[in-house]
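Observations on the three-dimensional arrangement
Okay, here's what each chain looks like letter by letter:
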Amino acid sequence: MTKATVTPPPNFIRDIIEKDRKEGKNEGRVHTRFPPEPNGYLHIGHAKSICLNFGLAEEYGGLCNLRFDDTNPSREDVEYVDSIMEDVRWLGFDWKDRLFYASDYFEQLYEYALQLIKKGKAYACDLSADEVREYRGTLTEPGKNSPYRERSIEENVDLFERMRKGEFPDGSRTLRAKIDMASPNLNMRDPVMYRILRASHHRTGDKWCIYATYDWAHGQSDSIEGITHSICTLEFEDHRPLYDWFIEQLGIFHSQQIEFARLNLSYTIMSKRKLLELVEEGHVGGWGDPRMPTISGLRRRGYTSESIRDFCERIGVAKRESTVDIVLLEHCLREDLNERAQRMMVVLRPLRLVIDNYPEDQEEELDAVNNPEDPSMGTRKIPFSRVLYIEKEDFREDPPKKWFRLAPGQEVRLKHAYYVTCTDVIKDERTGEVVELHCTYDPESRGGWTKDERRVRGTLHWVSSSHSFPVEVRLYDYLFTAENPGETEEGSDFKSSLNPNSLDILSACQAEPSLKEAEPGTRYQFLRQGYFCVDTADSVPDALVFNRTATLRDTWAKIEKALKMSEK
RNA sequence: UGGGGUGUAGCCAAGCGGUAAGGCAGCGGCCUUUGGAGCCGCCAUUCGGAGGUUCGAAUCCUCCCACCCCAGCCA
C-alpha cells in the first residue's frame, strides 16, 4: 500500500540548498514559504509549488510557512483565503502555527519605507500613472527622472505620512524607490513601493489607504519570516535585483530568491484570470467544477491528493518552460486508484438481455472479488437473474475482426457469473435499433469457468435488471479541444477552443445493489469503464450521482482504430 | 534594436570532461474471469547550429540561431 520512499530526483534547487548547507549558510537552516495571493482558487500549478516548498522543508528538516500575499485588497477575498487553506491541507501539508499574511507586516513595512526615505533612497512622486509610464522609457530607451525625485527628505517624510493619513486622493501620489531611471532592467527604474488606494481590505478593513506593491512587500516579508530560500516562478527573474536591492538597503536578513518554471498542462489553462473568466461567464459551474484544473475541481472530480503529489514529483523542477502532457496526470491517478478502488459493476448505457433457459422465478447470489490487486479488500455478493442489462456497446450485430464481445451466435463470459451465447436480437421495428438480446446460458459455467476449459475471450460487466437501481453518471472530457488553449491565433481568444462536449450526463445508468450505500466522495472502479466517485455536491442517497474521474486504458479502441486505418 | 532566461526523444527530465538515467506516450510479445492491471522487450551513434580546446565534449571556449519574460500605481 505505502509506496517505498525513493530518493527524490535531483534538481537545481536541491543543488543550491545542498551547497548552502555545505557552506554553512543560514546555519544550515532551510525555511521556505508558499505565498499565494488570495484572489482565486488554487490550481494544479500551485500544487507543484506547494509540493516543492513543503517538500523541500520536510526533506531538509526545515520549515515551510503559509503566507497570504494580500497586498492588493481590490481583488482579494476571505472566500479565497479559506479555500486555499482547505486545499493545502487536503494536499496533505501542514503549516502548523506558521500562518502569516503580508498584511501582518503593513506597519513594519511602513517603518522600513520611512527608513529608505531617510536614507534618501525613496521619494514621494506626484506623477500620474500615465506620466510614470511615459517617464519610464521603453525597453530600448532609458527613462527620465521624475521632477519630484529630488525632494528633500523632510518633504518626503511629510508627504508619505500624509499619504498614510489619507490627505490625498487615490492615485494622486506614490512612494517610489530612488534607483536608476536608465537601468536596462525596467524594474530598477524607480519602482513604485506604495500606491494610494481606498479599498477595504479583508483583514485590515479601512485602516490603510496606502498599500505596498508586490516588490516592496514580498522580499521584506520573506526577510521578516527568516525565509532562507524564496522560491518563485520564472517571470520574477528580473525582479531579483530589486528584491536584493531592498534587502541590502535595509540591511535586514537576506533571503535568496530562486526561480523555477511554472507548470503548464496540455488541454487546459492555468491562468487565474482566465479561470475566473470561465467561472464568471458560466462556462463551468464554479471554481470547483470537476473539469477545472483547480485543486477543488480535481478533488470533486475524484482525484486523490496522493496522485497529485506523485505527479508533482514526477514532472520534476527545472527552469525550462514546458507543457506537461495531461495523460501523465491521468496515469498517476490510475496507478493510485488501481490499488485502492473497489470494483463495482455499473452499466452506463443499458441493453436488456434475457436468458431464455434461466428459470423465470429463479435468482442467485454470486461472489465477486472487490479488488483483484488487494485480496484484503474481500468479496461481495451480486444478484443474478433471468433478465440483465449489459452495455449497449458490448454488442455488435456485425462484429468486426477481433471482436471478443457479444454478437449473434457468440459466447461471452458475464463477469463472476456464467457464459452466455446470443441467440436472438430484437429490434425496434421503426428505428431498427437493437432493444433486446436473447441468450442461453451454460449452467455448468457458474462463477465464470467450465470444466472443459473452453476458451471464452470476452468478459462483460452486467447487472440484474430487477436488482439494479438507476444512477446518474457524469462523463467528463477535457475542457478544451486545443492542446495549448492559452496559445491562440491573433484575434481569437482562449474560449474559442472550449470543448462543447466536456460534460456528458447519463441519467439512465444501472448500478449493482451494493452501490446503494455509497458515501459522497467514495471512489470506485466501475469494471471495464473507469474510475468514478460519488459527487460531493449533487449526490443524495436516493439519487446517486457519480463523476467519472478517468477512463481505463482502452486497448480495444486502439485495435479498432488500427483496423479501420488498414481498411482504408 | 535594451535587459533577463531557456534549448537533451512525441511530452517531461537526469546529466556538472570519461563515451546519453528514469518516467509518460508509442510499438511488439507474454499473461489475464476487467481488451484493466501485471511482466518482458524495443524506442537519441547523439544533446538548437557551426567552429575551437582536449587523448576524450551534452558538459569548457567563440560565434550564430530559435523560443520565453520585462515598458501595472497586478502578483
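See the structure printed just above.
Below is a short write-up of the structure. (Residues numbered from 1 in each chain as written. Chains lettered and ligands numbered in written order. Predicted model: local features only at pLDDT ≥ 70, side-chain atom pairs only at ≥ 80, totals over all residues. Heavy atoms only, no water.)

Quick notes on the sheet that holds strand β2 (residues 63-68)
Applicable threshold: Pairing between two strands requires that DSSP report at least two bridges joining them. By definition, any uninterrupted DSSP run of H or I lasting at least four residues is a helix, any uninterrupted run of E lasting at least two residues is a strand, and each is numbered from the N terminus. Note on definitions: angles span 0 to 180 degrees between N-to-C directions of axes, and those axes are lines fitted to C-alpha atoms, for helices only across the stretch in contact. Residue contacts follow a heavy-atom distance rule, with two residues in contact if any of their heavy atoms lie within 4.5 Å.
Read across the sheet, three strands follow the order β1-β2-β3 without closing on themselves; strand pairing throughout is parallel. Each having just a single partner strand, β1 (31-34) and β3 (99-101) make up the two edges of the open sheet. Adjacent strand axes in the sheet meet at a mean angle of 35° when their direction is disregarded. Of the strand pairs in this sheet, β2 and β3 are connected by three bridges, and their pairing is parallel. The residue of β3 that forms the bridge with Phe68 is Tyr101. Where helix α3 (residues 78-90) meets the sheet, it contacts β1, β2 and β3, and its direction lies at approximately 160° from that of β2.

Some words on helix α11 (residues 305-315)
Which entries qualify depends on this criterion: When a residue's accessible area, from a 1.4 Å probe over protein chains only, is under 20% of the maximum for its type it is buried; when over 50% it is exposed; and in between it is partly exposed.
Buried residues of α11: Ser305, Ser307, Ile308, Asp310, Phe311 and Cys312, and no others. Contacts made by the buried residues of α11 are with α2 (44-59), α3, α10 (295-301) and α12 (326-340).

Observations concerning the pattern of salt bridges
Our working definition: Whenever Lys or Arg places a side-chain nitrogen within 4 Å of a carboxyl oxygen from Asp or Glu, that contact is recorded as a salt bridge.
Summed over all chains, the structure comprises 50 salt bridges. Its salt-bridge partner being Asp535, residue Arg300 comes within 2.7 Å of it at the nearest N-O pair. Placement of Arg300 in helix α10 and of Asp535 in the loop between β24 (530-534) and β25 (545-551) is noted, with a sequence separation of 235 residues between them. A salt bridge links Arg454 to Asp452; its shortest N-O distance comes to 3.2 Å.

A word on empty space enclosed by the protein
As a reminder, the rule being used: Definitions used for this entry: grid spacing 1 Å over protein atoms alone; cavity, a set of points where a 1.4 Å probe fits but cannot get out; pocket, an open set with protein on both sides within 12 Å along at least 5 of 7 lines; lining residue, one with an atom within 4 Å of a point. Grid points are joined across faces, edges and corners, and a volume is the space filled by probe spheres set on the points.
For the structure on display, the rule yields one cavity of 30 Å³ or more. By volume, the largest cavity is sized at about 40 Å³. Tyr214, Asp215, His218, Gly219, His239, Tyr243 and Gln257 are the residues that line the largest cavity. Top element by residues in the lining of the largest cavity is helix α7 (residues 214-224). It accounts for four residues.

Focus: the nonpolar core
Generally speaking, nonpolar side chains in soluble globular proteins are found buried as a group. The cut-off we apply is this: Nonpolar cores were defined as sets of buried Ala, Val, Leu, Ile, Met, Phe, Trp, Tyr and Cys residues, with membership established by side-chain atoms within 4.5 Å.
Membership of the largest hydrophobic core comes to 38 residues, with the highest contact counts inside it found for Leu109, Phe160, Leu175, Met193, Tyr194, Ile210 and Trp216. Elements represented by at least two residues in this core include exactly α4 (106-118), β4 (122-125), α6 (153-165), β5 (174-177), β6 (192-196), β7 (210-212), α7 and α8 (240-250). Here this core gets eight residues from one element, more than from any other, and that element is α4. In this structure Ile210 touches Tyr110, Phe160, Met163, Arg164, Tyr194, Arg195 and Ile196, once residues within four positions along its chain are discounted.

Concerning the protein's contact with RNA strand B
Where we set the bar: Nearness is defined per residue: one heavy atom within 4 Å of the molecule or strand is enough. Two N or O atoms form a polar contact when they lie within 3.5 Å of each other; inside protein one atom must be a possible hydrogen donor and the other a possible acceptor, and for residues adjacent in sequence the pair counts only when both atoms belong to side chains. Under the scheme applied, nonpolar residues are Ala, Val, Leu, Ile, Met, Phe, Trp, Tyr, Cys and Pro; charged residues are Asp, Glu, Lys and Arg; polar residues are all the others, including Gly.
Neighbouring residues of RNA strand B: 68 residues in total, closest Arg320, Glu321, Gly447, Gln525 and Thr555. Here, RNA strand B places atoms within 4 Å of the protein, and 64% of those atoms are sugar or phosphate. Taking His239, its side chain carries an N or O atom lying 3.3 Å from a base nitrogen of RNA strand B. For RNA strand B, a phosphate oxygen lies 2.3 Å from a polar atom in the side chain of Thr555. Those elements that provide at least two residues to the surface near RNA strand B are α5 (129-136), β6, α11, α12 and α13 (555-567). Taken together, the residues of the surface near RNA strand B sort by class into 24 nonpolar, 20 polar and 24 charged.

So, the sheet that holds strand β17 (residues 419-427)
The strand order across the open sheet built from seven strands is β19-β16-β17-β18-β12-β15-β20, with neighbouring strands paired in mixed fashion. Each edge of the open sheet is held by one strand with a lone partner, namely β19 (459-460) and β20 (462-464). Where strand β12 (residues 350-355) meets strand β15 (residues 387-391), five bridges bridge the pair, whose relative direction is antiparallel. Following the sheet pairing, Pro350 is matched in β15 by Glu391.

Here we look at the pairing of strand β21 (residues 469-476)
Judged by how many residues are buried, β21 sits mostly within the fold: six of eight residues are covered. Alignment of β21 against β25, held across three bridges, turns out to be parallel. Bridging across to β25, Arg474 finds its partner in Asn547.

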